[in-house]
Amino acid sequence: MKNIENEEFQSTFACSVAVTVDVIGGKWKGIILYHLVSGPKRFNELRRLMPEITQRMLTLQLRELEDDDIIHREIYRQIPPKVEYSLTDFGETLKPIINIMRDWGELYENEVITKRKSQKSE
């Protein structure tokens with residue numbers, strides 16, 4: 001979260017849902033968080049788990065999550081260097097949301113696919 005000192009901060013969010021969507025929204029952030037719920041991951045592990053994401057996009061999304069204090073980036077000073085990403089305590093508060101999204105996806109995946117196929121054939 002942005003730290004603003006000696007300034008009056010006025011929210012630019014339309015509602016509380018907008019805050020959540022701003023932090024975890026988009027195509028990749030929720031998926032990154034889903035994989036980090038099970039424990040720390042290295043950059044290349046995340047790339048393997050999400051083969052469709054580009055290296056540039058993964059880097060950008062990780063930086064944004066880090067800027068919002070959702071994830072922590074740990075650099076191990078060794079040769080070769082090792083970098084691991086994990087949820088912060090603040091990021092841990094998103095676990096229930098990620099788990100509900102996972103459960104919903106498991107329950108309704110076939111229905112979503114069926115509806116999308118029928119819309120394309122119309």
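Residues numbered from 1 in each chain as written. Predicted model: local features only at pLDDT ≥ 70, side-chain atom pairs only at ≥ 80, totals over all residues. Heavy atoms only, no water.

A. Region of the structure containing the sheet that holds strand 3 (residues 82-87). Strand order in this open sheet of three strands is 1-3-2, and the pairing throughout is antiparallel. Both edges of this open sheet fall to strand 1 (41-42) and strand 2 (71-76), since each of them pairs with a single strand only. In this sheet, strand 3 lies alongside strand 2 in antiparallel orientation, the contact comprising six bridges. Across the sheet, H72 pairs through a bridge with S86, a residue of strand 3. (Pairing = 2+ DSSP bridges. Helix = DSSP H or I, 4+ residues; strand = E, 2+ residues; numbered from the N terminus.)

B. Inspection of the pairing of strand 3 at higher detail. With two bridges connecting them, strand 1 and strand 3 associate as antiparallel partners. Bridged to R42 within strand 3 is E84.

C. Spotlight on the packing of aromatic side chains. One pass over the structure, following the stated rule, counts one aromatic pair. Directly above the ring of Y76 sits K82, whose terminal nitrogen or CZ lies 4.9 Å from the centroid. (Phe/Tyr/Trp six-rings, centres within 6.5 Å; stacked < 30°, edge-to-face > 60°. Lys NZ or Arg CZ within 6 Å of the ring centre and 35° of its normal.)

D. Molecular detail of unusual backbone geometry. I79 connects to P80 through a cis peptide bond whose omega is -5°. Its location among the elements puts P80 in the loop between strand 2 and strand 3. With a phi angle near 65°, D69 is a residue other than glycine that sits in the positive phi range. Topologically, D69 is positioned in the loop between helix 4 (55-67) and strand 2. By relative accessible area, which is 40% here, D69 ends up partly exposed. (Buried < 20%, exposed > 50% of the residue type's maximum accessible area, 1.4 Å probe, protein only.)

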